[in-house]
Protein chains: 2
Amino acid sequence: MEAKGNRASEKAGRVMDGPTNPMVTPLLTDLYQFTMAYAYWKAGKHNERAVFDLYFRKNPFGGEFTVFAGLEECIKLIANFKLTEEEISFICQSLPGSCEEGFFNYLREIDCSDVEVYAISEGTVVFPKVPLLRVEGPVAVVQLLETPVLNLVNFASLVATNAARHRLVAGKSKMLLEFGLRRAQGPDGAIGASKYCYIGGFDATSNVAAGRLFGIPLRGTHSHAFVSSFTSPDEILEKSLCSSDRSSTCEDFVSLVNSWLNKIKWSKSLSGIFGETNQSELAAFMSYALAFPSNFLALVDTYDVMRSGVPNFCAVALALRDLGYKAVGIRLDSGDLAYLSGEARKIFHTIEKEFGVPGFGKTSITASNDLNEETLDALNKQGHEVDCFGIGTYLVTCYAQAALGCVFKLVEINNQPRIKLSEDVSKVSIPCKKRCYRLYGKEGYSLVDIMTGENEPCPKVGERILCRHPFSESKRAYVVPKRVEELLKCYWPGKSDKVREELPALDDIRDHCIKQLEQMRPDHIRRLNPTPYKVSVSAKLYDFIHFLWLNEAPVGELQ
Amino acid sequence: MEAKGNRASEKAGRVMDGPTNPMVTPLLTDLYQFTMAYAYWKAGKHNERAVFDLYFRKNPFGGEFTVFAGLEECIKLIANFKLTEEEISFICQSLPGSCEEGFFNYLREIDCSDVEVYAISEGTVVFPKVPLLRVEGPVAVVQLLETPVLNLVNFASLVATNAARHRLVAGKSKMLLEFGLRRAQGPDGAIGASKYCYIGGFDATSNVAAGRLFGIPLRGTHSHAFVSSFTSPDEILEKSLCSSDRSSTCEDFVSLVNSWLNKIKWSKSLSGIFGETNQSELAAFMSYALAFPSNFLALVDTYDVMRSGVPNFCAVALALRDLGYKAVGIRLDSGDLAYLSGEARKIFHTIEKEFGVPGFGKTSITASNDLNEETLDALNKQGHEVDCFGIGTYLVTCYAQAALGCVFKLVEINNQPRIKLSEDVSKVSIPCKKRCYRLYGKEGYSLVDIMTGENEPCPKVGERILCRHPFSESKRAYVVPKRVEELLKCYWPGKSDKVREELPALDDIRDHCIKQLEQMRPDHIRRLNPTPYKVSVSAKLYDFIHFLWLNEAPVGELQ
């Protein structure tokens, strides 16, 4: 999968793998990055040192927080950024024939050794306007990076945030499984979703490729097709099952199950609930149990959950128990999940009581039918007995909002601060190479993020700091931080002598994300009417923004 | 990019490339496909011959049609389907330790030589319930294919449909560019979108990687950052520009532009409209024109469209014209596109007239700010002067509906038809290995799709055929077709002696799609209240569905 190892960087004497998806190459960019590179080169501007900020303007899903993800893949791209001869010849064909040959020689030379990348740690909770990445380097090279870096951050952060939101509404005690592969936006829409949902707090995925690439735990049992592929228990030829401790063998597991099914049917407390169950389903459950006696989890809604699926499951589970195995549970994939999970739970408890099966009442119930934040919330409100949620389509495609709008804006070139104006104030960029800090209050919660110019002194613990809204004159507040955290760290020093932050392991990123969310003031992350987190600039930066703004905006004439 | 060529099939003595994305391997599947494969194998059922239908239940985007796409990638996966030793050892680690070694030997052997795939041609307009693919083969192998095939068809068909809908509302005469790479759902969410938007009727993409992989035309010029990277025309050191016919050289293009800018400012018909324009923008435009004199297209909204961008563009365009070059046009990326395009057009016409510049009024206007079907429709209603639309986020992420719900259902095993029931009638599957036909009426439009049992006679031209709604007793109609088209063709014969349909070239798929849409009755494809297209079953299949349904459904007892 890491076919681009040969492009590895030699920084710090150590090879860094290429991006997970081998399709991520320097050509994964917009054509205009190459036309601009040519125009910069032609104007002799290509090596001017530029600083670009990558940030978003609005949190997704109507919320007030975002989980930053995708950094590792960006750094892997940057570390291995080098055009091949074949790629250069394709660019040559794609640009107008009048382009000079010298440009293609220039393309042959470029890599990211002259680029520096400062970024917030992956898995951090982040807010609008604050740069997630600050990329500095020769303007032509940094522009080539714009599109792939945006692509790698946008969906990663969106889906990690979506996963975190699902985790917040499901609660800590529930198991959350990502089941989105079949409905995701293409093969690595799926693989990316598996990775970033795990960062956002999911426990496992069904996606085997993602399990192999990233070591994410895998989960899965069987489908409706498995159930309907059987017609009757007569199909089962090999009926023997060894007991869990290998001390004995049941020669006819099918009969054992059938005897349990009879007991359930005629039991006093369950009397009249169950009639004839579906025999193809029963055969499928028995076959699955014979294959996986220690991992029996049955999908119970192929024909009828309460009249067929649940009693068939219970009969097989009780037969397994006779042989020392503990069944895992059931999965519901349709219908009223609150009601059905409650009814199934009642039956598990009744069986625990009537047949003296300790723990049977706690048999696990998984639910997996078109779930999303809203349905999880509705289930919570109605009350339910689900222990584990399998979530697919709405999670991995970010159905509620399918894109995050990260942008990549020039903030400085040749040490000259630059601004992009817009009639929409929220679209005006914040100029200058900046430093970014998170200020914490006495309760341990973060209070505000503040951006300062590169050379301003760092905010100090215990010192009174004026935090200003970047665009609104009247919005400002004094803060005396109990703790100050610098947000941007050097993840790619290029050939500078700065120390490169190590890319953490996936599980560490996930732990960081979970801890970050625990440290947020609850009103910022609640589903309903969350409080916006404050993002500010220093007084000095505020003044400079507005000076530059006036300088660049044309003066109108009313007629 | 086709790293899996070594897995190529030998069918017909000819090697078929692997999927475009090397991450598409047999592991790109749900874990439960492997647990089921083990359970099938353990029960001795793994080689039972199964037939699965891939279909969707509801057209996306509130419409009444869908464009089928993704077939080529499915066939490339199937042709190269073979587990490597490394993959098998990962599966071995991922399944419970109790799994028998014989199963992994079985996995070593499997490929798709025993699988047959029948499919509708890629780019065809399709409707709910009709199988897009029918996959037949050993049940365990076909189940392994379920997840990747769904993944490859779902997003492909969704985004091709989205593109087709954008084309329908934009009209045939407009140029449509796909600009979605930076906001797409991951790297190949972007590459896939570029491919399938082209199939759906787009003209070009900004995505260089997609251009190289698929030969899609590329488009792109420059960004806001390019404009704001300049500070003033003093930066331009190399000011000479050779005329288009190489007969003369203008030594100071900067002065030539400035003299035009003055003429525009003081022109009678434009008098008072323009004041001082932004000098960094002017410098950027001049630089871009010097680099690409034959391809000058300027982004005019970095500072102020009408007060700066348009006059700066006109001055550069008129200077270029003095040297025999024809400027391409402007791009608007913010603001009121209907109004701004109209105002810019007026100025182009005024300049054509006042300065005697034939054709200048027709200078191309591209628009590209958060466009989607609705905004295109609103622009049409307001009236606008845009010639070319660049569409990104809403197109490639299918923002209006981020997923298509294709399913893969078992319809027959061992020649036994199977049905999946559901309390929701729309979720009941249509059993049996089927044939599917499209019946055309005398006006050339298609009237109805009909599914029949495998062995029923083919509907004949001129014969009266009863078409029944599969689930609604009262809905039926007689049709006398003027033309009958069989929809499912053999795209993968496995080792059978059927002839394999060739996979068409991308441009042929695109042409097919465009022609298909032209042949649809307009009320089926209109945006507002489209008429549902009829999908039916033969009388014989109808009867069989309902016989099987009664047979499998448990009889309830009211208490």
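Keep in mind that what you see is a predicted model, and the values were worked out from it rather than measured. (Residues numbered from 1 in each chain as written. Chains lettered and ligands numbered in written order. Predicted model: local features only at pLDDT ≥ 70, side-chain atom pairs only at ≥ 80, totals over all residues. Heavy atoms only, no water.)

Draft legend 1. Structural context of the overall build of chain A. Of the regular secondary structure elements, chain A holds 17 helices and 22 strands. Here the C-alpha coordinates of chain A stretch approximately 90 × 55 × 55 Å along the principal axes. The 559 residues of chain A split such that 63% are buried. Here the contacts in chain A between residues at least 6 apart in sequence split such that 73% fall between residues at least 24 apart. Total accessible area computed for chain A in this model is approximately 20400 Å², and 49% of it derives from carbon and sulfur atoms. In chain A, the 64 positive side-chain charges and the 68 negative ones have mean positions that sit 5 Å from each other. (Helix = DSSP H or I, 4+ residues; strand = E, 2+ residues; numbered from the N terminus. Buried < 20%, exposed > 50% of the residue type's maximum accessible area, 1.4 Å probe, protein only. Contact = heavy atoms within 4.5 Å. Areas by Shrake-Rupley, 256 points an atom, 1.4 Å probe, with all protein chains shown as cover. Lys, Arg positive; Asp, Glu negative; His and termini not counted. Charge placed at Lys NZ, Arg CZ, Asp CG, Glu CD.)

Draft legend 2. Representation of the sheet that holds strand β3 (residues 116-119) of chain A. All names here are of chain A. The six strands lie next to each other as β15-β14-β1-β5-β3-β21, forming an open sheet whose pairing is antiparallel. The open sheet has two edge strands, β15 (416-417) and β21 (489-492), and neither has a second partner. Note: strand β1 (residues 49-55) against strand β14 (residues 407-413), six bridges, orientation antiparallel. Its bridge partner lying in β14, V51 is registered against E412. Where helix α2 (residues 71-79) meets the sheet, it contacts β3, β5 (133-138) and β21, and its direction lies at approximately 50 degrees from that of β21. (Pairing = 2+ DSSP bridges. Axes fitted to C-alpha atoms, helices over the stretch in contact; angles between N-to-C directions.)

Draft legend 3. Representation of the packing of helix α10 (residues 279-291) of chain B against helix α11 (residues 305-322) of chain B in the model. Residue and element names in this part refer to chain B. Contact geometry for α10 and α11: axes closest at 10 Å, N-to-C directions at 35 degrees. Crossing geometry of α10 relative to α11 is assigned as right-handed. Every residue of α11 that contacts α10 at E281, L282, F285, M286 and A289 is listed here: S308, G309, N312, F313, V316 and L320. Taken together, the residues of the contact of α10 with α11 sort by class into seven nonpolar, three polar and one charged. (Left-handed = near helix turned anticlockwise from the far one by under 90°. Nonpolar A, V, L, I, M, F, W, Y, C, P; charged D, E, K, R; others polar.)

Draft legend 4. The sheet that holds strand β6 (residues 175-178) of chain A, seen in detail. In space, the six strands of this open sheet follow the order β7-β6-β13-β12-β11-β10 (chain A), with parallel pairing throughout. The open sheet is flanked by β7 (204-205) and β10 (297-299) of chain A, the only strands paired with a single partner.

Draft legend 5. The environment of V535(B), seen in detail. All names here are of chain B. As for its placement among the helices and strands, V535 is situated in strand β22 (residues 534-537). With relative accessibility at 9%, the residue V535 sits in the buried group. With 65 residues separating them along the chain, V535 and P470 place their C-alpha atoms 8.2 Å apart.

Draft legend 6. Spotlight on the relation of the copies chain B and chain A. Note on the identical chains: chain B maps onto chain A by a rotation of 180 degrees and an axial translation of 0.0 Å, with an RMSD of 0.0 Å. Expressed as an axis order, the relation between the two copies is that of a two-fold axis. Same-surface contact between copies: 100% of interface residues of chain B are shared with the interface of chain A. (Least-squares fit on C-alpha atoms with pLDDT ≥ 70 in both.)

Draft legend 7. Molecular detail of the nonpolar core. Counting 374 residues, the largest nonpolar core has L133(A), F253(A), F313(A), L133(B), F253(B) and F313(B) as the members making the most contacts within it. The contact partners of F253(A), leaving out residues within four places of it in the chain, are K239(A), L241(A), M286(A), A289(A), L290(A), V316(A), A319(A), L320(A) and L323(A). (Core = buried A, V, L, I, M, F, W, Y, C linked by side-chain atoms within 4.5 Å.)

Draft legend 8. Region of the structure containing the interface of chain B and chain A. Across the contact, 112 residues belong to chain B and 112 residues belong to chain A. Across the chain B to chain A interface the summed buried area is about 9300 Å²; carbon plus sulfur atoms make up 60%. Ranking the residues of chain B by area buried against chain A places M23(B), R182(B) and Q185(B) at the top, with a combined share of 10%. Between chain B and chain A we count eight salt bridges in total. (Buried area = accessible area lost by both parts, 1.4 Å probe. Salt bridge = Lys/Arg side-chain N within 4 Å of Asp/Glu carboxyl O.)

Draft legend 9. Quick look at the pairing of β6(A). Residue and element names in this part refer to chain A. The pairing of β6 with strand β13 (residues 388-391) spans four bridges and is parallel. Bridge pairing in β13 places M175 opposite C388. This β-α-β element, β6 to helix α6 (residues 187-199) to β7, shows right-handed connectivity. (Right-handed = clockwise from strand over helix to strand, strands pointing away.)

Draft legend 10. Here's a closer look at the UniProt feature "domain: Nicotinate/nicotinamide phosphoribosyltransferase" (unreviewed entry) in chain A. With numbering matched to this structure, UniProt assigns "domain: Nicotinate/nicotinamide phosphoribosyltransferase" (unreviewed entry) to residues 328-427 of chain A. End-to-end, the C-alpha atoms of residues 328-427 of chain A are 52 Å apart, and along that stretch the chain is 32% helix and 21% strand. (UniProt positions renumbered as here; feature names shortened; annotations may be inferred.)

Draft legend 11. Structural view of the domain arrangement of chain A. Each assigned domain of chain A is listed with its residue range as follows: domain 1 (5-164 + 401-552) and domain 2 (222-369). Computed over C-alpha atoms only, the centres of domain 1 of chain A and domain 2 of chain A are separated by 53 Å. (Domains from an automatic or database assignment.)

Draft legend 12. Highlighting the confidence of the model for chain A. Residue and element names in this part refer to chain A. Per-chain confidence: chain A averages 94 in pLDDT, with 96% of residues scoring 70 or above. For the stretch residues 1-14, pLDDT sits under 50, and the model shows 42 contacts to residues farther than four places along the chain or on other chains. Quick note on the complex model: pTM equals 0.96, ipTM equals 0.95. (pLDDT = per-residue confidence, 0-100.)

Draft legend 13. Representation of the pairing of strand β17 (residues 446-453) of chain A. All names here are of chain A. The buried fraction of β17 is high, at seven of eight residues. Relative to β17, strand β16 (residues 434-440) runs antiparallel, the two sharing seven bridges. Across the sheet, residue L439 finds its bridge partner in β17, namely V448. Here β16 folds back onto β17, and the loop between the two strands holds five residues, one of which, G444, carries a positive phi near 95 degrees. Pairing between β17 and strand β22 (residues 534-537): four bridges, direction parallel. When the bridges of β22 are listed, D449 appears paired with V535.

Draft legend 14. A look at unusual backbone geometry. Residues and elements named next belong to chain B. Notably, R246 is not glycine yet its phi reads approximately 65 degrees, a positive angle. As for its placement among the helices and strands, R246 is situated in the loop between β8 (241-242) and β9 (249-250). Here R246 falls in the exposed class, since its relative accessible area comes to 61%. Residues other than glycine seldom take positive phi values, yet N529 does so here, at roughly 45 degrees.

Draft legend 15. Main features of helix α15 (residues 506-518) of chain A. Residue and element names in this part refer to chain A. Relative to the 18 Å expected for 13 residues at 1.5 Å per residue, α15 spans 19 Å between its end C-alpha atoms, a close match to the ideal helical length. Taken together, the buried positions of α15 are occupied by L506, I509, R510, C513, Q516 and L517. Along the axis of α15, the buried residues cluster in a sector spanning 125 degrees; they form a single face. (Expected span 1.5 Å × (residues − 1). Arc of directions from axis to C-beta.)

Draft legend 16. Representation of helix α11 (residues 305-322) of chain A. Residues and elements named next belong to chain A. The terminal C-alpha atoms of α11 lie 24 Å apart, and with 18 residues this matches the ideal 26 Å at 1.5 Å per residue to within 8%. Most of α11 sits out of view: 15 of its 18 residues are buried. Near the N-terminus of α11, the side chain that reaches the backbone nitrogen of M306, with its oxygen 3.4 Å away, is that of D304. Downstream of α11 by a residue or two, G324 has a phi angle that is positive, lying close to 90 degrees. (Polar contact = N/O pair within 3.5 Å; in protein donor to acceptor, adjacent residues only side chain to side chain.)

Draft legend 17. Main features of the UniProt feature "domain: Nicotinate phosphoribosyltransferase C-terminal" (unreviewed entry) in chain A. Taken from the UniProt record, the annotation "domain: Nicotinate phosphoribosyltransferase C-terminal" (unreviewed entry) applies to residues 433-544 of chain A. Summarising residues 433-544 of chain A: 21% helix, 31% strand, and an end-to-end C-alpha distance of 12 Å.

Draft legend 18. The arrangement of the packing of aromatic side chains in detail. Here the structure, examined in full by the defined rule, presents 40 aromatic pairs over all chains. Ring geometry for F103(A) and F104(A): centres 5.4 Å apart, planes at 70 degrees, overall edge-to-face. Owing to a relative accessible area of 0%, F103(A) belongs among the buried residues under this scheme. Taken together through their ring pairs, the aromatic side chains of Y38(A), Y40(A), W41(A), F103(A), F104(A), Y106(A), F226(B), F230(B), Y288(B) and F292(B) make up a single cluster. Its guanidinium or amino end placed over the ring of Y440(A), R483(A) lies 3.8 Å from that ring's centre, counting from NZ or CZ. (Phe/Tyr/Trp six-rings, centres within 6.5 Å; stacked < 30°, edge-to-face > 60°. Lys NZ or Arg CZ within 6 Å of the ring centre and 35° of its normal.)

Draft legend 19. Seen up close, the pattern of salt bridges. Tallying each qualifying case throughout the model produces 74 salt bridges over all chains. Salt-bridge contacts for K172(B) lead to E518(B); the nearest nitrogen and oxygen are separated by 3.4 Å. A residue pair is termed long-range when its members are at least 10 positions apart, and K172(B) in the loop between α5 (139-170) and β6 (175-178) and E518(B) in helix α15 (residues 506-518) qualify at 346 residues. Look at K172(B) and you get exposed, because its relative accessible area is 70%. The structure contains a network of salt bridges with shared partners spanning R134(A), E136(A), K433(A), R435(A), E454(A) and E486(A).

Draft legend 20. Region of the structure containing the side chain of K420(B). Note that K420(B) resides in the loop between β15 (416-417) and β16 (434-440). For K420(B), which is buried and forms no salt bridge, the nearest opposite charge comes from D301(A), at a distance of 5.6 Å.

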